[in-house]
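A structural walkthrough
Now for the letters of each chain:
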Amino acid sequence: MEKKNFTVSVYTENNIGLLSRIAAIFQKRHINIESITASRSEVNGVMRFIIVVQVTEEQIKKVAGQIEKQIEVIKAFYHTDDEMIYQETALYKINSADFVEDLNIQDFIKESNARIVTVTPKFFVIEKTGKRHETDSLYEKLKPYGLMQFVRSGTIAVTKNEMPISNILEQFDTTN
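Residue positions within a chain follow its written sequence, with the count starting from 1. Since the coordinates come from a predicted model, pLDDT governs what is reported: local features require at least 70, and pairs of side-chain atoms require 80 or more to be given and counted, while whole-chain, interface and lining totals use all residues. Side-chain descriptors were evaluated using all non-hydrogen atoms of the structure, hydrogens and water having been removed beforehand.

Counted only if it meets this: UniProt positions are given in the numbering used here, feature names are shortened, and annotations may be inferred rather than shown by experiment.
As annotated in an unreviewed UniProt entry, the protein chain carries the name Acetolactate synthase small subunit and is attributed to Salegentibacter salarius. Quoted straight from UniProt, the Function (unreviewed entry) entry for the protein chain says "Catalyzes the conversion of 2 pyruvate molecules into acetolactate in the first common step of the biosynthetic pathway of the branched-amino acids such as leucine, isoleucine, and valine."

The following block contains the structure:
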């Protein structure tokens, strides 16, 4: 079977130590986590982890099953990129002198739909939201100018279709 990107959505109670146990499930199977994001979900008291991995469908089925065995996990789903709407955000810190001297930087900032977040006499910060290849492309364009700092968020994602978790979460919300 061919490896491809899968996004795992894990709905959980908000308990200390759960993230490390979920990460250990991937570690035991020698699966590298490409991206991980945690936030509250649409239901009060329920957290959602978004985990992106590159594996076979057989592997992801087993991993999702193992994750669901954790007591605090309400439900785990996995989806391909085609089934998701997803984005990442990246921040790029560049020396202000380079920005002022080269107008090309301003052009490809505009062309990439990035925005300038902060400007100081010493540096400026650019923010770009998009798919991984878009943030990588801007990184490559800015790299020759001496990136002072770079950071990228984990993937955030929603499914194109309604997930069956909605009814489970509604029941969870009424019991809390």
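**Digging into the domain arrangement of the protein chain**
Using the following cut-off: Domain start and end points were adopted from an automatic or database domain assignment.
For the protein chain, the domain assignment lists domain 1 (4-84 + 157-170) and domain 2 (86-152). Relative to domain 2, the C-alpha centre of domain 1 lies at a distance of 31 Å.

**Description of the nonpolar core**
Note the cut-off: Throughout, nonpolar core names a set of buried Ala, Val, Leu, Ile, Met, Phe, Trp, Tyr and Cys residues whose side chains join them through atoms within 4.5 Å. Residue exposure (1.4 Å probe, protein chains only): buried if accessible area is under 20% of the type maximum, exposed if over 50%, otherwise partly exposed. Numbering goes from the N terminus for both helices and strands, where a helix is a DSSP run of H or I of at least four residues and a strand is a run of E of at least two. Two residues form a contact once any of their heavy atoms are found within 4.5 Å.
Core analysis: the biggest nonpolar cluster contains 17 residues, and Val 10, Ile 22, Phe 26, Ile 51, Val 53 and Ile 67 have the highest contact counts within it. Contributions of two or more residues to this core are made by β1 (4-13), α1 (18-28), β3 (46-55), α2 (57-68) and β4 (73-80). Leave out the neighbours within four places in its chain, and Val 53 touches Lys 4, Asn 5, Phe 6, Phe 26, Ile 31, Asn 32, Ile 33, Glu 34 and Ile 60. The next biggest cluster of nonpolar side chains, apart from the first, holds 12 residues, and it includes Tyr 92, Phe 124, Leu 142 and Tyr 145.

**With respect to the UniProt feature "domain: ACT" (unreviewed entry) in the protein chain**
Mapped onto the present numbering, the UniProt feature "domain: ACT" (unreviewed entry) falls at residues 7-87. The distance from the first to the last C-alpha atom of residues 7-87 is 12 Å, and the span holds 28% helix and 46% strand.

**Focus: the sheet that holds β4**
Rules: One requirement defines pairing of two strands: DSSP has to find at least two bridges between them. The axes are straight lines fitted to the C-alpha atoms, using for helices just the contacting stretch, and the angles between their N-to-C directions are given from 0 to 180°.
With respect to topology, 4 strands assemble into an open sheet ordered β2-β3-β1-β4, the strand pairing being antiparallel. The sheet is open, and its two borders are formed by β2 (33-40) and β4, each paired with just one other strand. When strand polarity is set aside, the average angle formed by the axes of neighbouring strands in this sheet is 15°. Across 7 bridges, β2 lies against β3 in antiparallel orientation. What sits directly across from Ser 35, in β3, is Val 52. α2 contacts β1, β3 and β4 of the sheet and is inclined by roughly 165° relative to β4.

**What about the pattern of salt bridges?**
Note the threshold: For this document, the term salt bridge refers to a Lys or Arg side-chain nitrogen within 4 Å of an Asp or Glu carboxyl oxygen.
For the structure on display, the rule yields 7 salt bridges. Of the charged contacts in the structure, one is a salt bridge between Arg 21 and Glu 72, with a shortest N-O distance of 2.8 Å. Of this pair, Arg 21 sits in helix α1 while Glu 72 sits in the loop between α2 and β4, and the two are 51 residues apart along the sequence. Residue Glu 72 is classed as buried on the basis of its relative accessible area, which comes to 12%. Connected through shared salt-bridge partners, Glu 88, Arg 132, Asp 136 and Arg 152 make up one network.

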